[in-house]
Amino acid sequence: IGRAQLVVRHTGSGAVCLAHCDGSDTEDEVSMIMSCMNSFSNKLDGGRLELHLVGGFSDDRHLSQALTKQLVKLNDKVENSIHFPIIYGIAVNVQTAEIYNATFQEKGPEEDLRSARILTGG
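A quick note: this is a predicted structure, and the numbers were derived from the prediction, not measured. (Residues numbered from 1 in each chain as written. Predicted model: local features only at pLDDT ≥ 70, side-chain atom pairs only at ≥ 80, totals over all residues. Heavy atoms only, no water.)

**A few points about the overall build of the protein chain**
Phase 1: Assigned secondary structure in the protein chain consists of four helices and seven strands.
Phase 2: When the helices and strands of the protein chain are read in sequence order from the N terminus, they spell out β-β-α-β-α-β-β-β-β-α-α.
Phase 3: Counting all 122 residues of the protein chain, 19% fall into the buried class.
Phase 4: Sequence separation of at least 24 residues holds for 49% of the intrachain contacts in the protein chain that already meet a minimum separation of 6. (Helix = DSSP H or I, 4+ residues; strand = E, 2+ residues; numbered from the N terminus. Buried < 20%, exposed > 50% of the residue type's maximum accessible area, 1.4 Å probe, protein only. Contact = heavy atoms within 4.5 Å.)

Pasting the structure below:
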C-alpha cells in the first residue's frame, strides 16, 4: 500500500494534526482530519490551514503515486466544466519560515522568473 504522511497546522490556534495515509480511504481520512482541525480552530477569526505532504516513493506497483494523485485531486475545483487548482502556489517567509498560500495578480507564466537561471549564467 502506498503511504504518505501529512502535517496539517492551523496558524491561528496552533493546532497540528499528523496523519499517516495509506490510500485505503483517502477522502474519508482527509475529511476526518479537516473535521478535527475545525473543531480546534473554528471559533478563531484569524489563521489559516497549512498542509505539508511528506513521504511516498516510486514503488513498483505505483501505489504511492496513486495516493499522491488522490491527495492532489483534493486541490481541484471545477468551474464551467474547467478544472482549476484551489491553491495556485505557496510562498515562504524566509525570516519566519511561515508557509502561506501565495496570491498572484497574473495567472500566466512569469517568463523572467522562469528564465532566471539562464539569465544569470547558471
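**A few points about the pairing of strand S4 (residues 76-79)**
Phase 1: Bridging between S4 and strand S5 (residues 82-85) involves four bridges; their strand directions are antiparallel. By the bridge assignment, Glu79 is partnered in S5 with Ile82.
Phase 2: Here S4 folds back onto S5, and the loop between the two strands holds two residues, one of which, Asn80, carries a positive phi near 55 degrees. (Pairing = 2+ DSSP bridges.)

**Brief notes about the confidence of the model for the protein chain**
Phase 1: Counting all residues, the mean pLDDT for the protein chain is 75, and 71% of those residues have values of 70 or more.
Phase 2: Per-element confidence in the protein chain is highest for S4, whose mean pLDDT is 88, and lowest for helix H3 (residues 111-114), whose mean pLDDT is 65. (pLDDT = per-residue confidence, 0-100.)

**A look at unusual backbone geometry**
Phase 1: Despite not being glycine, Asn80 has its phi angle at roughly 55 degrees, a positive value.
Phase 2: Counting through the fold element by element, Asn80 comes out in the loop between S4 and S5.

**Digging into helix H2 (residues 63-73)**
Phase 1: Looking only at H2, the buried set comprises Ser64, Leu67 and Leu71. Down the axis of H2, the sector holding all buried residues measures 65 degrees, keeping them to one side. Exposed residues pointing more than 90 degrees away from the buried face of H2 are listed as Lys69, Val72 and Lys73. (Arc of directions from axis to C-beta.)

**Regarding the nonpolar core**
Phase 1: Ranked by size, the top nonpolar core spans 11 residues in total: Leu6, Val8, Ala15, Cys17, Ala19, Cys21, Val30, Ile33, Met37, Leu67 and Leu71.
Phase 2: For this core, the secondary-structure elements that each account for two or more residues are strand S1 (4-10), strand S2 (16-21), helix H1 (26-41) and H2.
Phase 3: For Val30, the residues in contact, after removing those within four places along its chain, are Leu71 and Leu74. (Core = buried A, V, L, I, M, F, W, Y, C linked by side-chain atoms within 4.5 Å.)

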